[in-house]
Amino acid sequence: MIGRPPLTGIKVLEFAGLAPGLLLADAGASVLRIDRPANPSNPAPPATDLQTRHKTSIAVNLKDPAGVALIRALAARADVLIDPYRPGVLEKLGLGPRDLCGAAHNPRLVYARLTGFRRDGRFATMAGHDINYLSVSGALALLGRKGHPPTPPANLLGDFAAGGGMLVQGVLMALLARERTGRGQVVEANMVDGASYLASFARFALKTPAWDRPRGENLLDSGCPWYDAYQTRDGGWMAVGALEPQFFAELVRGLGLEGQGWERRRYERREWPALRRVLEEVFRTKTRGEWEAVFEGTDACCTPVYGYGEMEGDARKEGDQRPAVTLRETPYLAVKRGASDASHGQGPGVDGEGYSGSVLEAGHGGEETLKEWLGWSKGDQFEVEGGGLVLKGKAKL
């Protein structure tokens with residue numbers, strides 16, 4: 001029998017930002033986002049965070065001491081607090097780890113901090129974005145084709161893998177440690193160290209024949225002709241990753257190139273340009289769908305390159321979005337509607353089914369979450385002043 005999601009009962013306070021609350025919320029944690037109150041005279045730009053499923057929000061004016069008091073009261077009952085700001089921001093408000101994690105406040109709190117640059121590095125006080133964090137980590141220099149500038153992979157590697165993913169790993173380890181010690185701790189992640197860690201294989205390989213040449217000339221960075229993408233007759237693309245000899249032999253067979261000696265000659269780098277030209281020419285003789293039919297079910301490591309637009313609603317293209325990992329006994333919450341097994345998750349699913357996110361308006365659902373967490377209600381423990389929640393002076397904490 002399927003049990004509740006693994007993080008059921010975990011209370012998370014998430015200060016608004018590109019923080020990893022989605023990963024925790026999908027695993028069943030109750031994530032309450034702290035937003036700024038609306039300012040009619042200086043409206044904020046449209047929200048860009050669409051990773052809001054399963055979250056709620058309260059608006060709090062952190063310039064108001066009563067608003068800060070509200071956060072302190074919530075942190076006293078929370079399991080996790082996520083700080084996405086530059087170093088020192090929350091300390092100035094009296095909301096740093098020393099204020100919230102001590103024995104007199106909440107020694108069980110896991111205080112999770114995410115920055116782009118290292119907190120103690122030369123860039124700590126500077127603004128930056130994903131491309132900047134990758135650039136100083138060494139990872140960006142690895143990405144891109146020969147003769148082209150380093151190519152940032154959108155903000156996937158920094159913000160979400162090296163940042164959010166690594167911070168969640170730290171949070172989970174801290175929660176596990178808390179089971180033994182009874183104490184929370186400060187967890188710090190930054191995208192520079194996270195990206196460098198994710199690049200460990202490539203970094204080690206730089207001193208081996210697999211990756212000792214300039215960008216775009218190595219085995220896995222588009223330098224090798226049997227590890228690249230090729231355009232088809234209809235403008236589609238096929239991805240080739242036939243590294244091992246037996247897989248390359250399957251590729252050659254499917255492409256009709258048997259008997260030309262490529263199985264032996266492919267190891268000679270001087271033959272790579274010629275082999276690339278042959279592969280480019282052959283792949284252009286059929287459509288992507290035709291090549292898909294040729295290679296499906298084989299070990300040629302040759303697959304179609306799908307775009308999300310065509311995957312949406314097409315289960316054959318494995319386009320149904322699922323939880324990132326499967327827990328057989330306590331599955332994550334479902335993304336797709338109607339899903340009810342461990343691999344797809346549990347619960348009713350969400351609007352958009354993983355293809356359309358929604359903006360979480362400041363204050364939406366937050367009062368209900370305060371009721372669930374603490375039994376609080378407006379007028380008793382908190383009030384709304386200037387568009388933000390504030391703690392009442394005689395609130396019972």
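Everything numeric in this text was worked out from a predicted model, so none of it was measured.

Caption draft 1: Quick peek at the layout of surface pockets. Space inside the second largest pocket adds up to approximately 1200 Å³. As for the second largest pocket, its lining consists of 37 residues, of which L22, L50, Q51, R53 and G354 are closest to the centre. Those elements giving two or more residues to the lining of the second largest pocket turn out to be α1 (21-26) and α6 (156-181). Considering every element that reaches the lining of the second largest pocket, the biggest residue donor is α6, with 4 residues.

Caption draft 2: Here's a closer look at the sheet that holds strand β8 (residues 237-241). Judged by pairing direction, the sheet is antiparallel, and its 3 strands sit side by side in the order β7-β8-β9 without closing on themselves. Single-partner strands in this sheet number two, and they are β7 (227-231) and β9 (302-304). If you compare each strand with its neighbour and ignore which way they point, the axes differ by 25 degrees on average. On the sheet, helix α11 (residues 272-283) packs against β7, β8 and β9 and is oriented at approximately 40 degrees with respect to β7.

Caption draft 3: Just helix α9 (residues 245-255), in detail. F248, A249, L251, V252 and L255 are the residues of α9 that are buried. With its buried residues spanning 160 degrees around the axis, α9 presents them on a single face. Residues of α9 that are buried in the fold lie against β8, α10 (262-265), α11, α12 (288-295) and β9. Residue G256 follows α9 closely and has a positive phi angle near 75 degrees.

The rules behind these values
Residues numbered from 1 in each chain as written. Predicted model: local features only at pLDDT ≥ 70, side-chain atom pairs only at ≥ 80, totals over all residues. Heavy atoms only, no water. 1 Å grid on protein atoms, 1.4 Å probe; cavity = no way out; pocket = protein on both sides within 12 Å on 5 of 7 lines; lining within 4 Å. Points joined across faces, edges and corners; volume = space filled by probe spheres on them. Helix = DSSP H or I, 4+ residues; strand = E, 2+ residues; numbered from the N terminus. Pairing = 2+ DSSP bridges. Axes fitted to C-alpha atoms, helices over the stretch in contact; angles between N-to-C directions. Contact = heavy atoms within 4.5 Å. Buried < 20%, exposed > 50% of the residue type's maximum accessible area, 1.4 Å probe, protein only. Arc of directions from axis to C-beta.

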